[in-house]
There are 2 protein chains.
Amino acid sequence: MPKFPEFADRLGQLRGSVFEKFLPKMREKGDALVKLHIGDSYLPPPYELPIHSQFLSEHPFFNRYCNTMGVQELREVLADKVSQDNQIPVDRDDVMMTCGASNALNVSMLSLVNPGEEVLVLTPCWPFFPGMVKVAGGKVVEAPVYMELYDNPELDLSAYLEKFITNKTVLLYLNTPNNPSGKVLREDHLAAVCDVVQRHNLWLVSDEAYDGMTFGENKHISIARMPGMFERTLSIFTFSKVYMFAGLRLGYIAAPNAILKHLNKMLVHQLYSPSTLAQQMMVAPVKTREDWHRDFVQHCYSLRDIFTQELQAPYHHPEGAYYLFFSVKDLLQGRDYWALIDECLEIGVSIAPGNDFGKGFEDYIRICFAGEPPERLEIAVKRLNDVLLGM
Amino acid sequence: MPKFPEFADRLGQLRGSVFEKFLPKMREKGDALVKLHIGDSYLPPPYELPIHSQFLSEHPFFNRYCNTMGVQELREVLADKVSQDNQIPVDRDDVMMTCGASNALNVSMLSLVNPGEEVLVLTPCWPFFPGMVKVAGGKVVEAPVYMELYDNPELDLSAYLEKFITNKTVLLYLNTPNNPSGKVLREDHLAAVCDVVQRHNLWLVSDEAYDGMTFGENKHISIARMPGMFERTLSIFTFSKVYMFAGLRLGYIAAPNAILKHLNKMLVHQLYSPSTLAQQMMVAPVKTREDWHRDFVQHCYSLRDIFTQELQAPYHHPEGAYYLFFSVKDLLQGRDYWALIDECLEIGVSIAPGNDFGKGFEDYIRICFAGEPPERLEIAVKRLNDVLLGM
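Residues numbered from 1 in each chain as written. Chains lettered and ligands numbered in written order. Predicted model: local features only at pLDDT ≥ 70, side-chain atom pairs only at ≥ 80, totals over all residues.

Trainee: Quick question: what am I supposed to make of the overall build of chain A here?
Mentor: Counting its regular elements, chain A contains 14 helices and 12 strands. For 391 residues, the compact-globule estimate of 2.2 N^0.38 gives 21 Å, and the C-alpha radius of gyration of chain A, at 22 Å, lies within 12% of that figure. For chain A, the spread of C-alpha atoms along the principal axes amounts to about 75 × 55 × 35 Å. Across the 391 residues that make up chain A, the buried fraction comes to 53%. Within chain A, counting contacts between residues at least 6 apart in sequence, those at least 24 apart form 73% of the total. (Helix = DSSP H or I, 4+ residues; strand = E, 2+ residues; numbered from the N terminus. Rg over C-alpha atoms; globule rule 2.2 N^0.38 Å. Buried ≥ 20, exposed ≤ 12 C-beta atoms within 10 Å, placed from the backbone. Contact = placed C-beta atoms within 7 Å.)

Trainee: How should I be thinking about the sheet that holds strand 9 (residues 323–327) of chain B in this particular structure?
Mentor: The strands that make up a sheet are held in pairs by hydrogen bonds between backbone atoms, and each pair lies either parallel or antiparallel. All names here are of chain B. Spatially, 9-12-11 is the arrangement adopted by the 3 strands of the open sheet, whose pairing is antiparallel. Edge positions in the sheet fall to strand 9 and strand 11 (352–353), since each has one partner strand and no second. As paired elements, strand 11 and strand 12 (residues 364–368) share 2 bridges and run antiparallel to each other. Its bridge partner lying in strand 12, Ala352 is registered against Arg366. (Pairing = 2+ DSSP bridges.)

Trainee: Just checking my understanding: could you explain the relation of the copies chain A and chain B for this structure?
Mentor: Between the two copies of the chain lies a rotation about an axis combined with a shift along it. When chain A is fitted to chain B, the residual RMSD is 0.0 Å, and the transformation amounts to a turn of 180° plus an axial shift of 0.0 Å. As the rotation angle and translation indicate, the two copies are arranged about a two-fold axis. No C-alpha of chain A approaches the rotation axis more nearly than that of A:Ile51, which lies at 2.2 Å. Comparing contact sets, 100% of the residues at the interface of chain A also lie at the interface in chain B, consistent with an isologous, same-surface contact. (Least-squares fit on C-alpha atoms with pLDDT ≥ 70 in both.)

Trainee: How do you make sense of the pairing of strand 7 (residues 233–238) of chain A when you look at a structure like this?
Mentor: Looking along a regular strand, one sees side chains alternate from face to face of the sheet. Residues and elements named next belong to chain A. With 6 of 6 residues buried, strand 7 lies mostly within the body of the structure. Burial of the side chains of strand 7 extends over both faces: Thr233, Ser235 and Phe237 are buried on one face and Leu234, Ile236 and Thr238 on the other. Relative to strand 8 (residues 251–254), strand 7 runs antiparallel, the two sharing 4 bridges. If you follow Ile236 over to strand 8, its bridge partner there is Ile253.

Trainee: Explain the domain arrangement of chain A here, please?
Mentor: Residue and element names in this part refer to chain A. Each assigned domain of chain A is listed here: domain 1 (9–287) and domain 2 (289–388). Relative placement of domain 1 and domain 2: their C-alpha centres are 28 Å apart. The partner domain 2 presents 23 residues to the 26 residues of domain 1 that form the contact. Sorting the residues of the side of domain 1 that touches domain 2 by element identifies strand 4 (139–144) and helix 11 (283–287) as the ones contributing at least two each. For the side of domain 1 that touches domain 2, the residue count by class is 15 nonpolar, 9 polar and 2 charged. (Domains from an automatic or database assignment. Nonpolar A, V, L, I, M, F, W, Y, C, P; charged D, E, K, R; others polar.)

Trainee: What should I look at first to understand helix 4 (residues 100–112) of chain A in this one?
Mentor: For the α-helix, the turn length of 3.6 residues means that residues three or four positions removed from each other point alike. In this model helix 4 of chain A runs 19 Å from its N-terminal to its C-terminal C-alpha over 13 residues, within 8% of the 18 Å that 1.5 Å per residue would give. Extensive coverage of helix 4 of chain A is indicated by the burial of 13 of its 13 residues. (Expected span 1.5 Å × (residues − 1).)

Trainee: Please clarify how the confidence of the model for chain A should be interpreted in this entry.
Mentor: Confidence along chain A averages 96 in pLDDT terms, with 99% of residues attaining 70 or more. Two summary scores accompany this predicted model of the complex, namely pTM at 0.97 and ipTM at 0.96. (pLDDT = per-residue confidence, 0-100.)

Trainee: I would appreciate a short explanation of the interface of chain A and chain B in the present structure.
Mentor: Size of an interface: often given as the accessible area lost when the parts come together. Between chain A and chain B, the residue contacts involve 88 residues of the former and 88 residues of the latter. Looking at the side of chain A that touches chain B element by element, the count peaks at 5 residues for helix 4 of chain A. Tallied by class, residues from the side of chain A that touches chain B come to 53 nonpolar, 22 polar and 13 charged. Summarising the sheet, strand 10 (residues 349–350) of chain A and strand 1 (residues 34–35) of chain B pair through 2 bridges and their orientation is parallel. In the strand pairing of strand 1 of chain B, A:Val349 is matched with B:Val34.

Trainee: How do you make sense of the sheet that holds strand 11 (residues 352–353) of chain A when you look at a structure like this?
Mentor: Within the open sheet, the 3 strands sit side by side as 9-12-11 (chain A). Their pairing is antiparallel. With one partner strand each, in any of the chains shown, strand 9 (323–327) and strand 11 of chain A form the two edges of the open sheet.

Trainee: What's the story with the packing of helix 13 (residues 337–347) of chain A against helix 14 (residues 374–388) of chain A in this structure? I'm lost.
Mentor: Axis angle and axis distance: for two packed helices, these are the angle between their axes and the distance between the axes, and together they describe the pair. Residues and elements named next belong to chain A. Relative to each other, helix 13 and helix 14 sit at 140°, their axes nearing to 10 Å. As for the relative orientation of helix 13 and helix 14, their crossing is right-handed in sense. Where helix 13 approaches helix 14, its residues Leu340, Glu343, Cys344 and Ile347 are matched on the opposing element by Arg383, Leu384, Asp386 and Val387. (Axes fitted to C-alpha atoms, helices over the stretch in contact; angles between N-to-C directions. Left-handed = near helix turned anticlockwise from the far one by under 90°.)

Trainee: Any chance you could explain the pairing of strand 12 of chain B here in plain terms?
Mentor: All names here are of chain B. Burial analysis of strand 12 places 5 of its 5 residues in the buried class, which makes it a mostly covered element. Residues of strand 12 alternate between two faces, with Tyr364, Arg366 and Cys368 on one and Ile365 and Ile367 on the opposite face, all of them buried. Taken together, the 5 bridges between strand 9 and strand 12 define a ladder with antiparallel strand orientation. Across the sheet, residue Phe326 finds its bridge partner in strand 12, namely Ile365.

Trainee: Is there a simple way to explain the packing of helix 12 (residues 289–308) of chain B against helix 14 (residues 374–388) of chain B in this structure?
Mentor: Residues and elements named next belong to chain B. Where helix 12 contacts helix 14, the axes come no closer than 9 Å and their chain directions differ by 20°. The angle between helix 12 and helix 14 places the two elements in the roughly parallel class. Pair helix 12 / helix 14 crosses with right-handed handedness. Taking contact as the criterion, the partners of Leu303, Ile306 and Phe307 in helix 12 are, on helix 14, Pro374, Leu377, Glu378 and Val381. Residues belonging to the contact of helix 12 with helix 14 are distributed by class as follows: 6 nonpolar, no polar and 1 charged. (Parallel < 35°, antiparallel > 145°, perpendicular 65-115°, else oblique.)

Trainee: What's the story with helix 9 (residues 257–271) of chain A in this structure? I'm lost.
Mentor: With 15 residues, helix 9 of chain A should cover 21 Å at 1.5 Å per step; its first-to-last C-alpha distance of 20 Å lies within 8% of that length. The largest bend along helix 9 of chain A measures about 30° and falls at A:Leu263. The complete set of buried residues in helix 9 of chain A reads A:Ile259, A:Leu260, A:Leu263, A:Asn264, A:Lys265, A:Met266, A:Leu267, A:Val268, A:His269, A:Gln270 and A:Leu271. Looking at the packing, one finds that the buried side of helix 9 of chain A touches strand 2 (95–98), helix 4 and strand 8 of chain A together with helix 4 (100–112), helix 5 (129–135) and helix 9 (257–271) of chain B. A:Tyr272 lies just past helix 9 of chain A and shows a positive phi near 70°. (Bend = angle between axes of the 7 residues up to and from the residue.)

Trainee: Explanation requested: unusual backbone geometry in the structure shown.
Mentor: Apart from glycine, the bulk of residues carry a negative phi angle, and the bulk of peptide bonds sit in the trans form. Cis rather than trans, the peptide bond between A:Phe4 and A:Pro5 has omega equal to 5°. By the secondary structure assignment, A:Pro5 is in the segment before helix 1 (23–29). In the segment running from B:Asn179 into B:Pro180, the intervening peptide bond is cis, with an omega of 20°. Unusually for a residue other than glycine, B:Asn201 sits at a positive phi of about 55°. Within the secondary structure layout, B:Asn201 lies in the loop between helix 8 (187–199) and strand 6 (203–207).

Trainee: Sorry, what's going on with the environment of B:Arg199 here?
Mentor: Residues and elements named next belong to chain B. Along the chain, the position of Arg199 falls in helix 8. In this structure Arg199 comes out as exposed when scored by C-beta crowding, with 11 C-beta atoms within 10 Å. Taking C-alpha positions, Arg199 is 17 Å from Val121, a pair spaced 78 residues apart along the chain.

Here it is as structure tokens:
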């Protein structure tokens, strides 16, 4: 049973780069080395690209394979970002670029979970995560935590989680700020998670896709900054949410380099590396994040209010992320759940059904309040009220 | 034992999109539908990007999630390309975009191969492919074909391959034009492969990363265009080679939509989709490929000649791709193989060691002749000759 710090057996079947042992000599030779070992073309693409010529001339390797751990310049600014904003003690080797947070989560599951082992998934959770555990052959054990913490913030979370641990549990999956519930875990909640994870010697995967996306007094705390946690935590970030660039498919894992080196073998076998060009394009936005990122979070706060001021449903005020997640059980008035979803579509509003987010949420719906402009959200909330109130 | 047309068991554990059944209604509603079901932001990124403003305004969804099968406009031009250039009978639904050919191969293995099943890999082969089979729990069976066909082009390939088939074989992996050997299979060779694959009811994965990259009279023939093959073949292409854009990490699979729909469940669990922006950027280059792609192939032909005219080693003239692959056994003169590789580095040339490409190639080396400009290749071949001739 591989628990921390052991990896999944399948990783042992993958070879790392044969060039690893030659790297010092290759670095020493520098530009004098004629590189015939990589299958790549030395010329830039001969067709026109919609990219500023100055950027291309400043990044002559934009079209070529990059280091499979990521573009060095971006890893460096992200290491600074994670150190400063998240207070996780990383240096530049402790960052590995991935094709979105999705890819980071998938690489993590295949690298850490053996068939038959259990992954404790705090729910409601992002719908694709349980499938990733299953692809690795693992068993998903769901612990319904986030909605419970709205109702009962003083819950003894350590004792509560303890009930779900077995001798097959190898990893805990945490996601705060949480999609879909909007819950942001407090420091004492995170301390309870640390307690369980350390006591049972589990790996921790901390999905921080909504890093920075919190409202009012709620603050996101990265669990890897807590005592004894960095060494066993994969902290996973993305450019899809606060950076508003889901279409770039870029994310990263912050963790000790000794762990990332192992995970990199799996990444290389999935897609070699994420896009060189995409990584080069994100260096400046990371550096300038202080100039722009608060405006978007503040704007989402106001989008949230469009819903919370009008919606006729028993919701909790989201503390972070950009979703409302609530049960419609008491609003069905004899209607079938799926008939209600269909009524929403019929009146012109699409929502995400609750059963994708875990067991026990079959009568919930999730609303994203960041994907449409304010004037359309206002229309949507009126339409939703009509359906929910059966008008 | 899942042979064609059965998929790997693990696919059965993954759910497709819950929106599948609602799609007709969602399409019918069009722009009137307020979309609250996707976790995405409606605003463009607030930071500067090095992309032409006209392109961005013509592609307002550049930063957002795309259809997980790919950007429709690109799938359409690629379907035209595959129909015309490769003569594979596809329509636009028969193309799925991936994060490079690597990702396409990995998704294919996880979707088609169960633990314990055998994959027949024609060697020498691309070094990462065997690892992908292993991650799926499959067993790699190597058939050393490509170098054999240089020595013996009239080989009875069907009978030769037959020896490697067992009752556990589920899939054959073909790669022509071949990396690393530069071998391009003739139509009669491909007919022999078809014969074996159809007789044993195998899946066929046709890695066509070097599509279009052939020299002189050698022509690349896509095996999926041969009788009875389209239905069981995944034809895999990339933008990394002839498009000279490995740093974009974009590729695609051409296959019947009914198969791709299943593979898409695996892709979504690996990385959701490849980059929206990357896909949008490649529409024009695919449309204009006739204007530019022959120049690069012709240029590679001349780069090849720099090596073949000077190299003092027992190589075969590559028929396609951009590599030379040959044994240095008779040039070792008592030296250890790895000492020779180290000598090459010491004198300023990096080459890829043969053992990464399959069993029996431990004393081979691979040279890429497209990754450095002509003047540096000329230096490299002189340096290599010095090492190989022990001067």
